[in-house]
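An overview of the molecular structure
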Amino acid sequence: MISAEKIPNNVNLSSNKRLQRALEHWQPKYIQWWRDMGPQGFQDYHQVYVRTAVSVDPSGWAHFEYVKLPEYRWGIFLADPLPDRRIGFGDFYGQPVWHEVPGEFRNQLRRLIVTQGDTEPASVEQQRWLGHRCPSLYDLRNLFQVNVEEGRHLWAMVYLLHSYFGRDGRDEAEELLDRQSGNRDKPRILEAFNEPIDNWLDFFMFTMFTDRDGKSQLMSLSESSLDPLSRTTRFMLTEEAHHMFVGETGVSRILQRTCELMREAGFSEDVRKVGGIDIPTIQKHLNQWFSLSLDLHGGEVSSNAASYFANGLKGRAKEETFDEHIVKDAFYRMEFFEGGRPVTRDVLMRNAMNEVLRDWYVSDCATGVERWNRILEHAGVSERLQLPDRKFNRRIGMYSGFYFDPHGVAMSKEEWEKRRNEWLPCAADREYLLSIMAGPVYRPGTFANYIAPPRRGINQKPVDFEYVRTEQ
Ligand code: BYC
């Protein structure tokens, strides 16, 4: 049943009987999960024009075909090995990388891989109803492309669990299909992956900000001394780039359309009256997903992060760009919030590794927001989007339990409750978004009123190409 034809791979699957047996056991459960928890209503009668990775070289990347979603060929790929690769950071700096899991780091590595793996099916679950409200066939196809690739990322983590963690790994692989986004009894591990995504503005913000956390976490895991983890995550990063493209351009197209509608309606008119999405609503959704994604980087001071770094399991994004890689005596200057006031203190850099990665993440997000603002500027609109302060709306780390406005000004719980709806999406916003996304737009080349068409189609196809075909 398991073959290279069905599961494209570069891990020599055909000669690894043990792995084949494990995957033969897991695969039917995966397909059942995909049918139950994947895109609802688009499993049996729709052909989707998707890209399937069939090898790691650039030509293997450009493989496009129409497939029914459950028949997508989820493959297992590791980026090519780097000759004589050495451990790039931490206490074992300079030693050869590991091709097996060292016993003493087994639990920590398993935990990292499970946490990463858990986010992949979670996002598919979160987005499973969106197809019924798609703004176009182009967007529908992009949603499904993202979904099948998140499914492939799950395969990537399950491959590692099955190959390197024996019985425990097999149990963990089953549990990855068992937990469910938003389920009260068995939720997904990280909070952002339990939030519902039932409208396309949330989807685009999620792929812009939360997939970008995927990028920063994958970059840091790709530095890992465990070479198979490094190579797997390096290949995943190529797919992650497309997800962020979907998010960034999705919001860009909404902004562009908002500007057009503002012009039509007159600048002082509420753009909602002409069926668009007003900039304050866009800002609120930005605030929501940016702050949730900041939480995904963990606590500011973390002994877990220090230990991951010391043991060479998880490095910093672009570790090679730092001058020093052992980082034993270095300090990081950090702002704490004590007695209602900010206080600056130095902490050991190793304990601040989550914050170091968050710094990288924030600056990467800021660049994207600048590009959005250029659209507003070109349209002659004076409003601008901005990232809220890091302290805003945090539930993980030292700011959780306190209340700050988007500029980082502290406030009481009562004041926060009173003003929360100015900064974060509220029931009325959600209702409005659902009202303008009530039905799907299935006619090729046609777009919902609140979003502009993309500049070009996928794989040099025209924008009005039939990216998703319905069987009669
Ligand atoms: N929610 O020492 P701390 C992606 C827990 S996204 C709930 O501060 P640590 C994707 C933590 O587990 C990338 N709990 O943090 C995107 C710990 O629990 P215990 C996913 C949280 O350990 C879109 C406690 O709080 N990849 O790929 O350094 C679509 C204290 O933790 C949260 C990864 O995350 C939270 N947000 O953890 C699809 C990489 N944050 O020990 C996919 C793997 C922390 O008290 N994970 N906790 O039980 C890691 O590297 C780390 O586990 C974390 C930070 C970055 C999550």
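Quick summary incoming for the structure in this document. (Residues numbered from 1 in each chain as written. Predicted model: local features only at pLDDT ≥ 70, side-chain atom pairs only at ≥ 80, totals over all residues. Heavy atoms only, no water.)

A separate point is the overall build of the protein. Counting its secondary structure elements, the protein contains 12 helices and seven strands. Relative to the globule expectation of 23 Å for 472 residues, the C-alpha radius of gyration of the protein, 23 Å, shows essentially globular dimensions. Structurally, the protein occupies a C-alpha span of about 65 × 65 × 40 Å along its principal axes. By residue count, 58% of the 472 residues in the protein fall in the buried class. On the protein, roughly 19,900 Å² of surface is accessible, and the fraction owed to carbon and sulfur atoms is 48%. For the protein, the centre of its 60 positive side-chain charges and the centre of its 68 negative side-chain charges are spaced 2 Å apart. (Helix = DSSP H or I, 4+ residues; strand = E, 2+ residues; numbered from the N terminus. Rg over C-alpha atoms; globule rule 2.2 N^0.38 Å. Buried < 20%, exposed > 50% of the residue type's maximum accessible area, 1.4 Å probe, protein only. Areas by Shrake-Rupley, 256 points an atom, 1.4 Å probe, with all protein chains shown as cover. Lys, Arg positive; Asp, Glu negative; His and termini not counted. Charge placed at Lys NZ, Arg CZ, Asp CG, Glu CD.)

With that out of the way, let us pick up the site of the ligand. Near the ligand you find 27 residues, and of these Gln116, Gly299, Ser302, Asn304 and Lys314 are the closest. Within the backbone of glycine 299, a nitrogen or oxygen atom sits 2.6 Å from an oxygen atom of the ligand. Between the ligand and serine 302 there is a distance of 2.7 Å, counted from an oxygen atom to a side-chain nitrogen or oxygen. At the level of secondary structure, the elements contributing two or more residues to the shell around the ligand comprise helix H3 (106-126) and helix H6 (200-221). Ranked by residues supplied to the shell around the ligand, first place goes to H3 with seven residues. For the shell around the ligand, a count of residues per class yields seven nonpolar, 12 polar and eight charged. (Near = heavy atom within 4 Å. Polar contact = N/O pair within 3.5 Å; in protein donor to acceptor, adjacent residues only side chain to side chain. Nonpolar A, V, L, I, M, F, W, Y, C, P; charged D, E, K, R; others polar.)

What the three strands build is an open sheet, ordered S2-S1-S7; its pairing is antiparallel. Only two strands of the sheet have a single partner each, and these edge strands are strand S2 (64-67) and strand S7 (468-470). Each neighbouring strand pair of the sheet contributes to a mean axis angle of 20 degrees, computed without reference to strand direction. Its contacts with the sheet place helix H4 (residues 137-164) against strand S1 (46-51), S2 and S7, and it is angled at close to 70 degrees to S1. (Pairing = 2+ DSSP bridges. Axes fitted to C-alpha atoms, helices over the stretch in contact; angles between N-to-C directions. Contact = heavy atoms within 4.5 Å.)

What follows concerns the packing of aromatic side chains. Going through the model one piece at a time under the given rule, you end up with 36 aromatic pairs. When the ring of tyrosine 30 is compared with that of tryptophan 155, the centres are 5.5 Å apart and the planes differ by 75 degrees; the resulting orientation is edge-to-face. Taken as a pair, tyrosine 30 in helix H1 (residues 17-37) and tryptophan 155 in helix H4 lie far apart in primary sequence, 125 residues in all. What makes tyrosine 30 buried here is its relative accessible area of 0%. According to the relative accessible area criterion, tryptophan 155 is buried, its value standing at 1%. Ring geometry for phenylalanine 337 and phenylalanine 402: centres 5.0 Å apart, planes at 75 degrees, overall edge-to-face. (Phe/Tyr/Trp six-rings, centres within 6.5 Å; stacked < 30°, edge-to-face > 60°.)

Here we come to H4. The end-to-end C-alpha separation of H4 is 41 Å, in line with the 40 Å expected for 28 residues at 1.5 Å each. Of all 28 residues in H4, 28 are buried, a share of seventy percent or more. Looking at where H4 begins, the residue whose side-chain oxygen comes 3.3 Å from the main-chain nitrogen of tyrosine 138 is serine 136. In the segment just after H4, glycine 166 is the residue with positive phi, at about 50 degrees. (Expected span 1.5 Å × (residues − 1).)

Another point: a positive patch on the surface. A cluster of basic residues, Lys17, Arg18, Arg21 and Arg170, forms a positive patch at the surface. Here the positive patch takes three residues from H1, the largest share from any one element. When its relative accessible area of 34% is taken as the criterion, arginine 170 is described as partly exposed. (Patch = residues over 30% accessible without salt bridge, like charges linked within 9 Å, V, L, I, M, F, W, Y side chains within 5 Å. Salt bridge = Lys/Arg side-chain N within 4 Å of Asp/Glu carboxyl O.)

Turning our attention to the nonpolar core. Counting 115 residues, the largest nonpolar core has Phe209 and Trp372 as its most contacted members. With 16 residues, H4 is the single largest residue contributor to this core. (Core = buried A, V, L, I, M, F, W, Y, C linked by side-chain atoms within 4.5 Å.)

For the rest of this paragraph, the subject is the packing of H6 against helix H7 (residues 227-265). Between H6 and H7, the shortest axis-to-axis distance is 8 Å and the interhelical angle comes to 155 degrees. The angle between the axes of H6 and H7 places the two elements in the roughly antiparallel class. Handedness of the crossing formed by H6 with H7: left-handed. Residue composition of the contact of H6 with H7, by class: 15 nonpolar, seven polar and five charged. (Parallel < 35°, antiparallel > 145°, perpendicular 65-115°, else oblique. Left-handed = near helix turned anticlockwise from the far one by under 90°.)

Attention shifts here to the packing of H7 against helix H10 (residues 353-378). Closest axis-to-axis distance for the H7/H10 pair is 9 Å, and the angle between their directions is 20 degrees. One way to sum up the angle between H7 and H10 is to call them roughly parallel. As H7 runs across H10, the sense of the crossing is right-handed. Contacts from Gly247, Glu248, Val251, Ser252, Leu255, Gln256 and Cys259 of H7 reach H10 at Gly368, Arg371, Trp372, Ile375 and Leu376. Of the residues contributing to the contact of H7 with H10, the split by class is six nonpolar, four polar and two charged.

Okay, the environment of glutamate 422 next. Relative to the helices and strands, glutamate 422 resides in helix H11 (residues 413-423). Between the C-alpha atoms of glutamate 422 and alanine 53, which are 369 residues apart in sequence, the distance is 43 Å.

Our focus in this paragraph is the environment of leucine 137. When you line up the elements, leucine 137 lands in helix H4. For leucine 137, a relative accessible area of 5% corresponds to the buried category. Setting aside residues no more than four positions away along its own chain, leucine 137 makes contact with Val441, Tyr442, Pro444, Glu466, Tyr467 and Val468.

Tallying each qualifying case throughout the model produces 42 salt bridges. Between arginine 85 and aspartate 227 there is a salt bridge, and its shortest N-O distance comes to 2.6 Å. Of this pair, arginine 85 sits in the loop between S2 and H3 while aspartate 227 is found in helix H7, placing the two residues 142 residues apart along the sequence. Aspartate 227 carries the same exposure label as arginine 85, and that label is buried. For glutamate 125, the salt bridge identified is with arginine 188, shortest N-O distance 2.9 Å. Within this pair, whereas glutamate 125 is found in helix H3, its partner arginine 188 is found in the loop between helix H5 (166-178) and H6, the two being separated by 63 residues in sequence. Three or more residues joined by partner-sharing salt bridges are found here, namely Asp295, Glu300, Glu355, Arg358, Asp359, Arg390 and Arg394.

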